[in-house]
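Spelled out from the first residue to the last, the chains are:
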Amino acid sequence: MTKLSLIALATTALVAALPAQAQDTGNFIVRARAVHLESANKDSTGVGITINNKWLPEVDITYFLSPNLAAELILTIPQKQSVYAGGAEIGTFKHLPPTLTLQYHFTGMGFRPYLGAGVNYTNISDVNILGGAANLKRNSYGLALQAGVDFPLGGGWLLNADVKKVQIGTTVYVGGADAGKFKVDPVLFGIGVGKRF
């Protein structure tokens, strides 16, 4: 009787899991993440320029080209950053950094790790540094590397952890003259939830 009960229980659990697994195999994943930006703060101007690290919201849309290969578009809203020189705040700017990566997803496990590489375009706007005496180049193009993992929760829902390294840089102008380069080149640590459909 005990064996029959165990078999019945196992069968019930398997049948209950099948719909959730089926919903975990769609072509799209939409995720919402909380992401922490940590800037590399590489400055060649000689005045010690840095920006603040911060948390920011992120939304991404993943489309699966095959069970293992996917493309991910990573989006956020314009982010305001404080600018410092020698530790003193000298102004602010905003940046919008959409990123597109091509990913390889590993299958056959209870969780789903992935690796990605792609390109970033960053638009810099609303620059207000030294009361307008300094300015920044408004466009940046660079590479992006990514590693992450999805933990299926059933019904298409998943928990996600993700880390990215992105090339973002600009030229600093003072009085219209090129004063050097500033590279944000951030590491982005993210955690969030998603839905596959």
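A few points on the structure. (Residues numbered from 1 in each chain as written. Predicted model: local features only at pLDDT ≥ 70, side-chain atom pairs only at ≥ 80, totals over all residues. Heavy atoms only, no water.)

Attention now moves to empty space enclosed by the protein. Where empty space is left in the structure can be found by rolling a water-sized probe over the atoms. Counted under the stated rule, the structure contains 2 cavities of 30 Å³ or more. Its volume calculated, the largest cavity comes out at about 160 Å³. Residue lining of the largest cavity: 16 residues in total, with Glu58, Ile74, Pro97, Thr99 and Leu188 positioned closest to the centre. Taken together, the elements giving at least two residues each to the lining of the largest cavity come down to strand S1 (28–38), strand S4 (54–64), strand S5 (69–75) and strand S12 (157–166). Residue lining of the second largest cavity: 14 residues in total, with Phe93, His95, Ile124, Ile168 and Val184 positioned closest to the centre. Where the lining of the second largest cavity is concerned, the elements lending two or more residues are strand S7 (88–96), strand S9 (112–129) and strand S13 (169–174). Here the lining of the second largest cavity is built from residues that sort into 9 nonpolar, 5 polar and no charged. (1 Å grid on protein atoms, 1.4 Å probe; cavity = no way out; pocket = protein on both sides within 12 Å on 5 of 7 lines; lining within 4 Å. Points joined across faces, edges and corners; volume = space filled by probe spheres on them. Helix = DSSP H or I, 4+ residues; strand = E, 2+ residues; numbered from the N terminus. Nonpolar A, V, L, I, M, F, W, Y, C, P; charged D, E, K, R; others polar.)

Glancing now at the nonpolar core. By size, the foremost hydrophobic cluster in this structure holds 19 residues, and its most contacted members are Ile51, Val83, Phe93, Val127, Ile129, Leu136 and Phe182. Put simply, the parts of the chain that give this core at least two residues each are S1, strand S3 (49–51), S9 and strand S10 (134–136). Examining the composition of this core, we find that 3 residues originate from one element, S9, more than from any other. Once you skip the residues sitting within four places of it in the chain, Ile51 turns out to touch Ser39, Asn41, Gln81, Ser82, Val83, Tyr84, Phe93, Phe182 and Val184. (Core = buried A, V, L, I, M, F, W, Y, C linked by side-chain atoms within 4.5 Å. Buried < 20%, exposed > 50% of the residue type's maximum accessible area, 1.4 Å probe, protein only. Contact = heavy atoms within 4.5 Å.)

Further remarks concern unusual backbone geometry. A positive phi angle, close to 55 degrees, is found at Leu130, a residue other than glycine. Within the fold, Leu130 resides in the loop between S9 and S10. The backbone phi angle of Asp185 is positive, close to 35 degrees, even though this residue is not glycine. Assignment of secondary structure puts Asp185 in the loop between strand S14 (177–183) and strand S15 (187–196). Among the residues examined, Asp185 registers a relative accessible area of 10% and is labelled buried.

Below, the discussion takes up the layout of surface pockets. Its volume calculated, the second largest pocket comes out at about 190 Å³. In this structure, the second largest pocket is lined by Lys137, Asn139, Ser140, Tyr141, Gln167, Ile168, Gly169, Thr170, Thr171, Lys181, Lys183 and Asp185. Among the secondary structure elements, those contributing two or more residues to the lining of the second largest pocket are strand S11 (139–154), S13 and S14. Class assignment for the residues of the lining of the second largest pocket results in 2 nonpolar, 6 polar and 4 charged.

It is worth spelling out the pattern of salt bridges at this point. In this structure the tally under the stated criterion is 11 salt bridges. With its nearest N and O atoms 2.9 Å apart, the salt bridge here joins Asp60 to Arg33. Remark: Arg33 occurs in strand S1 and Asp60 occurs in strand S4; sequence separation between them is 27 residues. Grouping residues by exposure puts Asp60 and Arg33 together as buried. Between Asp185 and Lys42 there is a salt bridge whose closest N-O contact spans 3.7 Å. Here Asp185 is found in the loop between S14 and S15, whereas its partner Lys42 is found in strand S2 (residues 42–43), with 143 residues between them in sequence. Through salt bridges with shared partners, a single ionic network connects Arg31, Arg33, Glu58, Asp60, Glu72, Asp150, Asp162 and Lys164. (Salt bridge = Lys/Arg side-chain N within 4 Å of Asp/Glu carboxyl O.)

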